[in-house]
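One letter stands for each residue in the lines below.
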Amino acid sequence: MTFLDQLRTAERQNGSLLCVGLDPEPAKFPAHLKGDASKIYDFCAAIVDATADLVISFKPQIAYFAAHRAEDQLEKLMEHMRRTAPQVPIILDAKRGDIGSTAEQYAKEAFERYGADAVTLSPFMGFDSVQPYLKYHGKGAFLLCRTSNPGGDDLQPQRLLDVPGQPRLYEHIASLAQGPWNLNGQLGLVVGATYPAEIERVRALAPTLPLLIPGVGAQGGDAVATVKAGWKSANGETTAPIVVNSSRAILYAASGADFASAARQEALRTREILQAATR
Ligand SMILES: O=c1ccn([C@@H]2O[C@H](COP(=O)(O)O)[C@@H](O)[C@H]2O)c(=O)[nH]1
């Protein structure tokens, strides 16, 4: 099954566009785990168990594990997700980008070491930095396109004067990903929920690509505007999935022993807002 098929299946089975982001920060853990980096796996596994029937995807962010020398806990978490929630595809948020020979190692890390179904990449170094990931048939790769952070304004909306039509940088990335770079239908794009007008533009330029959309929840992105801009359907079926990520708002919905059930309540609430916007 391809990554795109996995997303479609999870969306249908769980009735969800919501991706729970796994960004474990021991300093924010509930009181009984607080500050203890050896509990990263326990914390994340509890969140996974509480939300696995509510999501289209899980998105562990690798920096939160590596910063605490907790890559072994990430490996264990990946195994746990594959075993207990095999219907939910896993996007490893690593934002890699390097020359081809190094990219081969990053691809091996994401797909062989961690067993991710998809990875996030920076397209800044060009197609030869993306190609090694595409050799893993069936796996997905999301290219940063119009990111959710304010600093995205520094480069992404600038016009490329030497490219025909003088598109903005993010528009050019969307066109490359929809067209010549998408050799085997593995590419998707990252577009921030904080920029719904740009989501709409990217969807127009890349009508068949899955969009990973972070920025709802803690960053204040508009969940309803996001769905209206990015989610399209034909005969009641999604034409190209959107994967709307929320991390901190769900992970840290409560700071007590009830953190996992509070996370489930927040995931249920967010899932319903997203689903309602499709009707
Ligand atoms: O443009 C981007 C790309 C990636 N991210 C990542 O998504 C989550 C967002 O976390 P929240 O707590 O829901 O704000 C985080 O892992 C980022 O690294 C993004 O925010 N924006």
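Residues numbered from 1 in each chain as written. Predicted model: local features only at pLDDT ≥ 70, side-chain atom pairs only at ≥ 80, totals over all residues. Heavy atoms only, no water.

Side note on the sheet that holds strand S2 (residues 57-60)
In spatial order, the strands read S2-S1-S10-S7-S6-S5-S4-S3; together these 8 strands make up an open sheet with parallel pairing. Both outer strands of the open sheet, S2 and strand S3 (91-96), are each paired with one neighbouring strand and no more. Strand after strand, the sheet turns through a mean of 30° between neighbouring axes, direction not considered. Here strand S5 (residues 140-146) runs beside strand S6 (residues 187-191); their pairing, made up of 5 bridges, is parallel. Residue pairing across strands places leucine 144 opposite valine 190, the latter belonging to S6. Against the sheet, helix H1 (residues 3-14) makes contact with S2, S3, strand S4 (118-121), S5 and strand S10 (242-246), and its axis sits at roughly 80° relative to S5, the strand it touches most. (Pairing = 2+ DSSP bridges. Helix = DSSP H or I, 4+ residues; strand = E, 2+ residues; numbered from the N terminus. Axes fitted to C-alpha atoms, helices over the stretch in contact; angles between N-to-C directions. Contact = heavy atoms within 4.5 Å.)

Brief notes about the pattern of salt bridges
Scanning all chains against the criterion turns up 11 salt bridges. As a salt-bridge pair, lysine 95 and aspartate 93 come within 2.9 Å of each other at their nearest N and O atoms. Here arginine 269 and glutamate 266 are joined by a salt bridge, their closest N and O atoms 2.9 Å apart. Taken together, the positions of arginine 269 and glutamate 266, both in helix H11 (residues 259-276) and 3 residues apart, correspond to about one turn of that helix. For glutamate 266, a relative accessible area of 18% corresponds to the buried category. What emerges from the salt-bridge pattern is a single network uniting Lys59, Asp93 and Lys95. (Salt bridge = Lys/Arg side-chain N within 4 Å of Asp/Glu carboxyl O. Buried < 20%, exposed > 50% of the residue type's maximum accessible area, 1.4 Å probe, protein only.)

Considerations on the state of the cysteines
Tallying each qualifying case throughout the model produces 0 disulfides. No disulfide involves cysteine 19; its nearest neighbouring cysteine sulfur is the one of cysteine 44, lying 13 Å away. By relative accessible area, cysteine 19 is classed as buried at 0%. Look at cysteine 44 and you get buried, because its relative accessible area is 0%. (Disulfide = S-S within 2.5 Å.)

Regarding the site of the ligand
In the region of the ligand, 15 residues are neighbours, and Asp23, Ser148, Gln219, Ser247 and Arg248 sit closest. At 3.4 Å, a side-chain N or O of lysine 95 approaches an oxygen atom of the ligand. At 2.9 Å, a backbone N or O of serine 247 approaches an oxygen atom of the ligand. For the ligand, whose free accessible area comes to 470 Å², the fraction covered by protein is 88%. Mapping the ligand onto the cavity grids shows that it belongs to the largest pocket. (Near = heavy atom within 4 Å. Polar contact = N/O pair within 3.5 Å; in protein donor to acceptor, adjacent residues only side chain to side chain. Areas by Shrake-Rupley, 256 points an atom, 1.4 Å probe, with all protein chains shown as cover. 1 Å grid on protein atoms, 1.4 Å probe; cavity = no way out; pocket = protein on both sides within 12 Å on 5 of 7 lines; lining within 4 Å. Sits in = over half its atoms within 2 Å of the grid points.)

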